[in-house]
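Structural features, examined
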Number of protein chains: 2
Amino acid sequence: MYKIIGTWKKMSKNENEQITLGSVLTRSGKLFQDKPILSIFSNKRKEYTYKDFYKRSKSLASFLLKLGLKKGDRIGTLMHNHHIHLEAYFGIPSAGLVVHTINIKLHEDDIAYIINHAEDKVLIIDIELLSLLEKIKNKINVKHIIVANYDLQSTHSYIDYEMDVMLTDPDDFMFPLIHENDVAGMCYSSGTTGKPKGVVYTHRNICLYTIVSSGSAAFNLKDSDIVLPLVPMYHVNAWCLPFMAIYTGCKIVLPFAYNGAGKLIELMEREKINFVAGATTLWYDVAQELEKRNFTHSLTKNVTVNLGGSSPSKETLLTLLKSGIKVIHTWGMTESTPNGLINKINKEISPENIDEIAENLTRQGIPYPFMEVKVERNGRIVPQDGKTMGHLLIKSPWTIKSYFKGEGQDSFIDGFLDTGDVAVVYPDGYIKIVDRSKDLIRSGGEWISSVDLENALIAREDILDVAVVACPHPKWGERPIAFIVTKKDSHLDKNLLKNYLMGQFAKWWIPDDFIFVDKIPRNPTGKIIKKTLRDTLSNYNFTLIS
Amino acid sequence: MYKIIGTWKKMSKNENEQITLGSVLTRSGKLFQDKPILSIFSNKRKEYTYKDFYKRSKSLASFLLKLGLKKGDRIGTLMHNHHIHLEAYFGIPSAGLVVHTINIKLHEDDIAYIINHAEDKVLIIDIELLSLLEKIKNKINVKHIIVANYDLQSTHSYIDYEMDVMLTDPDDFMFPLIHENDVAGMCYSSGTTGKPKGVVYTHRNICLYTIVSSGSAAFNLKDSDIVLPLVPMYHVNAWCLPFMAIYTGCKIVLPFAYNGAGKLIELMEREKINFVAGATTLWYDVAQELEKRNFTHSLTKNVTVNLGGSSPSKETLLTLLKSGIKVIHTWGMTESTPNGLINKINKEISPENIDEIAENLTRQGIPYPFMEVKVERNGRIVPQDGKTMGHLLIKSPWTIKSYFKGEGQDSFIDGFLDTGDVAVVYPDGYIKIVDRSKDLIRSGGEWISSVDLENALIAREDILDVAVVACPHPKWGERPIAFIVTKKDSHLDKNLLKNYLMGQFAKWWIPDDFIFVDKIPRNPTGKIIKKTLRDTLSNYNFTLIS
C-alpha cells in the first residue's frame, strides 16, 4: 500500500456546521407547515400539521430541560406508533437528551433490566401500558413518569403529556448547541441469547443514514409521498422511516400497531399510502390476503413496500410483484441504524422476467454508500461465486464500534462489526444471507445453511412451520435435524421429505432426521428460538435413525 | 436561551467512519460496473463503463503519488467536460490530493494568477488548450504538465495522459486513509471586481452536498437516469452533477462544451437525456428554439432541467413548462458547493395554474436541509412579506467559513457568509433574490432593485438587452439610470419607457434616465459589468434631464 508521507497543512479555518436532528426538525417544521401527520388510534383519528408537530416537539424539549435534566440524560419511551412518539423522536434529541426507545414486547424483567442499564431518568409511556408499568415500577429507579394520554383519561399521580408537558410554551425554547457526535438515541438489541446490549446513535449516525436512505441510493422519497411506518417505533427507530419522512416532508400516517393483513390493506387503500416499511413476516400474510382477494383492490397501484428483518421467500415476493407492488428488500440490524444492504428492482417487470426478478430479490442486495462490507472465512475474503459462505462483517458511518458500557467487545474485529450472519456474494456483487452464524450446521468441515433447508421445506403446501438445527454428531461434528409442523390431514413421513430434498441439495445436506412437533418456539419478534430446540436434542442418538 | 449545564460524558467509543470521495468511487466503480459514461468530442464519441472509469481514476491517482506529490498538493485542471476531467474529479481527491479546476474562460493573466496563488504542483490541460499554455507558461511555476490527449496527437515534451499516465497499473494503487475534513477540491470565485479568491472544498463538503442534493430534498436522481452536466466542469464542479451522477450510478453524457441551443436539443433527443443542469442564460436560447420549432420534438418528454446562476424570466420559464419540461430552479455560489436554495414544482401543471407556477418558479426557493439562512437589514431579520429587502446570509456544512489564505474576511459575519445578494422572503418561506448588494440603488434611504427594473424592461419585444445602474445623486444619494439596447427598427423613447414602467412600479422606482447604447458590457460568464457602466456616469448631470 502506498503511504502518504508528511502532514496535512490546514488550508482554511473551515469549521464544519453540524448535521443534527434539531436542524431537520426546524427546517421541516417551518417549510412543510401545512403537511399533515395522522395518528390512527383504535377509537379515533388524530390529524395535525407539521407546524403543530414542530411546536409540540419544542414544548416537550423545553419541559424536559426545565425538569433539570442534563445533556446526554436518557429518556425511555414505552409507546406505540403515534404522534406523541414522533414528538419524542425529535423533541428529545433536539434538547440534547437521548431518546431511548424500549421494546414493549419484551418480558417485563428484560424491560426493567434495560431501563436500569440505560439509567433512564424519565419514562414516557402509553396510557394503555400503565399495567405494564405497575409490574416494573418497584424494580426501576426513574425520576419522572410521563403518560402519553391520547385518551384524555386520568393519569393518576403521573405527569400528563397533554395537560402538563404541552402547557410549556414552545417559543420559550431555544435549541441548545449540539455537536453531531453527541448522542441522540438509543435502542437495545434483542438477541435470542444473553442480556440485551445497548446501542447508541449519534446525531451524525441518524442524520447521515436518513439523508442517504431517503435519497437516490435507497428509497427515493418525495414530499408528495404518503408513508406508513409499520415497523414499531420501539424497534430500531421504526427503521428510521419517521426521520426520513420528516426530513423529506412526506405526509405521515402512524398506525399505532399492526392489526392483521386485512386491516392493513384497508388502511393503505383508505389513506392512499404509497410507501410502507414493515417486517418480512407480515408481508407473507398480506401476500396471502391479496391472493385470496384475487388482487381486486386498488392498494397496489403505485405502492412501494420495504421489507426486511428476515429473508422473504420467493413465493411471497412473486405474489407481491404480481399484484403490482414495488418491493425493496433491505438488510440491517439494530447496530447499524439499521440498513447495510439494499436490493431494488431497476427494470420493468414482465411475465417473462418476473420469476427471475423474484428470485434475485430474495438476496439482501448491494452495500449502501459508505458501507464497507467483508464476507470472510478464516480471515480470507470468499470468492464472488454465489456459493462459498463466509461471515458478514460491516463498517460504516452509522454502524456502531462498541456497545453501551463497552459490552460485547468480541463482536468487533479490526473496526468491523461481526454481524453474526453468514452470507454468499454473487458475481454481480449482490450479497445473500444464508444463515445466522450460530445456527449454521458445521458438518465434516463444511457449512450447511439451516435457512436454505427451511426455505425448501416451508415451500411445501403441507408444511406449516419448520426449523432446522445443528445436532452434535460423534463423527461429523454436527448434523442437521429438522423440526416440522404439518398442516392438518397431511400425510408426511421422513422418507418422503428426504426424497423431496434430495432433488434440491447435495446428499450431505439432507437432515438426518425429521421430527414432527406441534409448534416451533419463537421469540416476541418472531425469530425461531433454536437453542430450545437444540436443548431437546442433547441426548439424541444417531444410531437409532431408521 | 436555555443553557445546558454540565459536560457530556462519552457513552461509547464510536469513532466515525469517514465520508470521502474515494469511498464513492470504489462503491460505484464496483457496483455499477457496466453503466456507460459517454464523452462527445467534436470529431468522435468515446464511450466506456464505470469499471473503466474506476480503473483509470486509480491509474491517475497512482501516477500522481508516484511523482512524489504530498497530501494536499494542488493539481490544476484546464479542461472541458469529458471523461478525463471526470477521472480527475475522483482520482485526484482519492489520492489525498486536491483537484483545482481552473476557469479557462478567464483572462490569461487571471489564470496565471490563480495557478500561482493556489501553488499548483501539476497541471492537466486539454490538448486543444496548448496555445493558452504557451501564453502563461513563463508566468507560472508548476512541476509537471500532463496533456489530456483525447486526440492522440503529439504532446511534445509534456506528459501524455493516455501514453504515460494510463500506463500505471491501477491494481498497484491502494486508497490512502483520508479524513473527511481533508481537502478534496478547489475553485476560484469569479467576482466582477477584485482578484479571484480561492474556495476550498473538503471531502465532507462535497460528499454531504452530493448525498443531500441527489436525494429527496433536491433532484431525486435514480440510477436509471441519463444525465448531462452542461455547466462547465471548470465552473463550481459543474454544480457537482458529476459527483451526484457517479454516486447514484446514472449514465453520464459529457458534452465537451455548450454549442448552441439547436445542437443541445439534438444531443438531448439523441442521447435520451432526462436530467440536465445548465446556466439560466442558455435556457433562454433553448426556450426560443423550442418555440421556433413549435414544440414538435421528443426532447421534452420526461426531461428535468436544473437552471440557476442568474434569475430566469417568467417568459423563459413559461416556454419551458409549456413544452413539458420539468424545471428546478436553484440558487448557489462557488462558496457553497454550490446550492443553498431550491425551487421545485410539486403539483401537476395545468392551463389554469401554469402562469402562477412560472411566476413562483422565478423565486430562488427554500433553503436546502442543514442550510441556515438569514435575510437581514441593519442586523434585523426582515418580515416574511415578499417585499422588504435584506442581505442574504448563509451557513451550512458545505458553505465555506473563510477563503483560501484567509482573504476576504469581511464577507463573514458571525459564522455566516454574506452572499452579496439582496433578497425578500415570502410568507410561504420562499426566498427571492432581487439584486446584488453592490448593484442595489439606495435612493433616499429606500432600496430599489436594479434586477426588477431590468426584468420589466427586457420583457418588451423591442428591447434586446438592458442594464440598470446606480448613479450618485446630490439629493437622494443614488438614482437609477437605465442602459438600453433596442431591436432594429424599434421606435423607443424615454417617455414611452417611463410610462411603461409607471404601470408596474412606484413612482420613485422609475429610472431618471434611459440611455440608448449598442451593447451592454458582460464578463466571460455572462454577468453585466455594472462598474463599467457606472464609470460612464461619473460626471452625470441630473439637472439636464428633460
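This text goes with the structure placed above it.
Residues numbered from 1 in each chain as written. Chains lettered and ligands numbered in written order. Predicted model: local features only at pLDDT ≥ 70, side-chain atom pairs only at ≥ 80, totals over all residues. Heavy atoms only, no water.

Moving on, we get to the relation of the copies chain A and chain B. At an RMSD of 0.1 Å, chain A and chain B line up after a rotation of 180° and a shift of 0.0 Å along the axis. The operation mapping one copy onto its partner corresponds to a two-fold rotation axis. For chain A, the residue whose C-alpha comes nearest the rotation axis is Gly215(A), separated from it by 1.9 Å. A share of 99% of interface residues in chain A that are also interface residues in chain B marks the association as one of identical surfaces. (Least-squares fit on C-alpha atoms with pLDDT ≥ 70 in both. Contact = heavy atoms within 4.5 Å.)

Turning next to the packing of aromatic side chains. Applying the stated criterion across every chain yields a total of 36 aromatic pairs over all chains. On the numbers, 5.0 Å between centres and 75° between planes, the contact of Tyr540(B) with Phe542(B) is edge-to-face. Note on Tyr540(B): relative accessible area 21%, which makes it partly exposed. Residue classification places Phe542(B) among the buried positions, given a relative accessible area of 13%. Ring pairs connect the aromatic residues Phe32(A), Tyr50(A), Phe53(A), Tyr89(A), Phe90(A) and Phe243(A), which therefore count as one cluster. Arg377(A) extends its terminal NZ or CZ atom over the ring of Trp447(A), reaching a point 3.9 Å from the ring centre. (Phe/Tyr/Trp six-rings, centres within 6.5 Å; stacked < 30°, edge-to-face > 60°. Buried < 20%, exposed > 50% of the residue type's maximum accessible area, 1.4 Å probe, protein only. Lys NZ or Arg CZ within 6 Å of the ring centre and 35° of its normal.)

Residues and elements named next belong to chain A. One open sheet accounts for seven strands, arranged β7-β6-β5-β3-β4-β8-β9; its pairing is mixed. The open sheet has two edge strands with one neighbour each: β7 (159-160) and β9 (197-202). Bridge count for strand β4 (residues 98-101) against strand β8 (residues 183-189) is two bridges, and the pairing is parallel. Counted as the bridge partner of histidine 100 is methionine 186 from β8. The strands that helix α3 (residues 83-94) touches are β3 (74-78), β4, β5 (122-126), β6 (144-148) and β8; relative to β4, the one it contacts most, it runs at about 145°. (Pairing = 2+ DSSP bridges. Helix = DSSP H or I, 4+ residues; strand = E, 2+ residues; numbered from the N terminus. Axes fitted to C-alpha atoms, helices over the stretch in contact; angles between N-to-C directions.)

Take the pattern of salt bridges next. One pass over the structure, following the stated rule, counts 62 salt bridges over all chains. Note that Arg293(B) is salt-bridged to Glu289(B), the shortest N-O span being 3.0 Å. Residue Arg293(B) is classed as partly exposed on the basis of its relative accessible area of 25%. Notably, a salt bridge pairs Lys438(B) with Asp439(B), separated by 3.8 Å at the nearest N-O pair. Residue classification places Lys438(B) among the partly exposed residues on the basis of a relative accessible area of 39%. For Asp439(B), a relative accessible area of 7% gives the class buried. Through salt bridges with shared partners, a single ionic network connects Glu180(A), Arg204(A), Glu180(B) and Arg204(B). (Salt bridge = Lys/Arg side-chain N within 4 Å of Asp/Glu carboxyl O.)

All names here are of chain A. Taken in spatial order, the nine strands make up an open sheet running β2-β1-β11-β10-β12-β13-β14-β15-β16, and their pairing is mixed. With partners counted over all chains shown, the strands left at the sheet margins are β2 (45-49) and β16 (366-367), one partner each. Here strand β13 (residues 304-308) pairs with strand β14 (residues 326-332) via four bridges, running parallel. Of the residues in β14, the one forming a bridge with valine 305 is valine 327. In the packing of helix α7 (residues 241-248) onto the sheet, the strands contacted are β1 (36-40), β10 (226-229), β11 (251-254) and β12 (275-279), and the crossing angle to β10 comes to about 160°.

Moving on to the packing of helix α8 (residues 261-271) of chain A against helix α9 (residues 280-292) of chain A. Residue and element names in this part refer to chain A. Contact geometry for α8 and α9: axes closest at 9 Å, N-to-C directions at 80°. When the axes of α8 and α9 are compared, the pair comes out roughly perpendicular. Contact with α8, carried on its side by Ala261, Gly262, Leu264, Ile265 and Met268, involves Leu282, Trp283, Asp285, Val286, Glu289 and Leu290 of α9 and no other residues of that element. Taken together, the residues of the contact of α8 with α9 break down into eight nonpolar, one polar and two charged. (Parallel < 35°, antiparallel > 145°, perpendicular 65-115°, else oblique. Nonpolar A, V, L, I, M, F, W, Y, C, P; charged D, E, K, R; others polar.)

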